[in-house]
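Survey of secondary and tertiary structure
As a plain string of letters, each chain reads:
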Amino acid sequence: QVQLVESGGGLVQSGGSLRLSCVVSEGIFSRYHMAWYRQAPGKQREFVARITTAGSKDYADSVKGRFTISRDNAENTVFLQMRSLIREDTAVYFCSVERPTTTGWGTSYWGQGTQVTVSS
């Protein structure tokens, strides 16, 4: 069973930075497409960023230019560097193992999430 464990969340002031990490156990990490999602209170989970096995990256419009997704295949880890944080970034952040589908992308596995809170 593939397990994903996120870390790095916390409380940060508006304008600050955080780096989230997600370690994946089991399987061959270099073969996994990886992504980050987030869910704010009372809202649906939303896509944040994705990095493919080839290193291609995709971002939600709301985080473009502020967040950077990266991966370290030797450490089985995907990162999300978040800069210029705003209150609207407050959410639980989840990493996931993604798979391509006929209509786009699907999620095979989820982590348990890590809380990010941005104060004004």
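Our structure's up above, just so we're on the same page.
Described in the following lines is the structure provided in the data block. (Residues numbered from 1 in each chain as written. Predicted model: local features only at pLDDT ≥ 70, side-chain atom pairs only at ≥ 80, totals over all residues. Heavy atoms only, no water.)

A few words now on the pattern of salt bridges. Overall, the coordinates contain six salt bridges when judged by the stated rule. Across the pair Asp89 and Arg38 runs a salt bridge whose closest N-O atoms are separated by 2.9 Å. With Asp89 in the loop between strand S8 (77–82) and strand S9 (91–101) and Arg38 in strand S4 (residues 33–39), this residue pair connects regions lying 51 residues apart in the sequence. For Arg38, a relative accessible area of 5% translates into the label buried. Close ionic contact of Asp58 with Arg50 constitutes a salt bridge, the shortest N to O distance being 3.8 Å. Asp58 gets classed as partly exposed once you look at its relative accessible area, which sits at 37%. Overall, Arg50 belongs to the buried group, its relative accessible area being 9%. Several salt bridges converge on common partners, so that one network encompasses Arg38, Glu46, Arg66 and Asp89. (Salt bridge = Lys/Arg side-chain N within 4 Å of Asp/Glu carboxyl O. Helix = DSSP H or I, 4+ residues; strand = E, 2+ residues; numbered from the N terminus. Buried < 20%, exposed > 50% of the residue type's maximum accessible area, 1.4 Å probe, protein only.)

Within this structure, the stated rule accounts for three aromatic pairs. Ring centres of Tyr37 and Trp110 lie 5.0 Å apart, and the angle between their planes is 70 degrees; this geometry places the pair in the edge-to-face category. Within this pair, whereas Tyr37 is found in strand S4, its partner Trp110 is found in strand S10 (residues 104–110), the two being separated by 73 residues in sequence. A residue is classified by how much of its surface remains accessible, and Tyr37, at 11% relative accessible area, is buried. (Phe/Tyr/Trp six-rings, centres within 6.5 Å; stacked < 30°, edge-to-face > 60°.)

For S8, the buried fraction is high: six of the six residues fall into the buried class. Here S8 shows no split at all, with Thr77, Phe79 and Gln81 on one side and Val78, Leu80 and Met82 on the other all buried. Across six bridges, strand S3 (residues 18–25) lies against S8 in antiparallel orientation. Counted as the bridge partner of Arg19 is Gln81 from S8. In this structure, strand S7 (residues 67–72) lies alongside S8, joined through six bridges in antiparallel fashion. Note that in S8 the partner of Phe67 across the bridge is Met82. Counted along the chain from S7 to the antiparallel partner S8, the turn is four residues long, and its residue Asn76 has a positive phi close to 55 degrees. (Pairing = 2+ DSSP bridges.)

Let's shift gears to the sheet that holds S7. The strand order S1-S3-S8-S7 describes an open sheet built from four strands, whose pairing is antiparallel. Strands with a single pairing partner mark the edges of an open sheet, and in this sheet they are strand S1 (3–7) and S7. Pairwise comparison of adjacent strand axes, ignoring direction, gives a mean angle of 15 degrees for this sheet. (Axes fitted to C-alpha atoms, helices over the stretch in contact; angles between N-to-C directions.)

Our next topic: the state of the cysteines. Per the stated rule, a full pass over the model turns up one disulfide. Disulfide partner of Cys22: Cys95, at an S-S distance of 1.9 Å. As the torsion about the S-S bond is roughly 40 degrees, the Cys22-Cys95 disulfide counts as right-handed. Taken together, the residues Cys22 in strand S3 and Cys95 in strand S9 connect sequence positions 73 residues apart. (Disulfide = S-S within 2.5 Å.)

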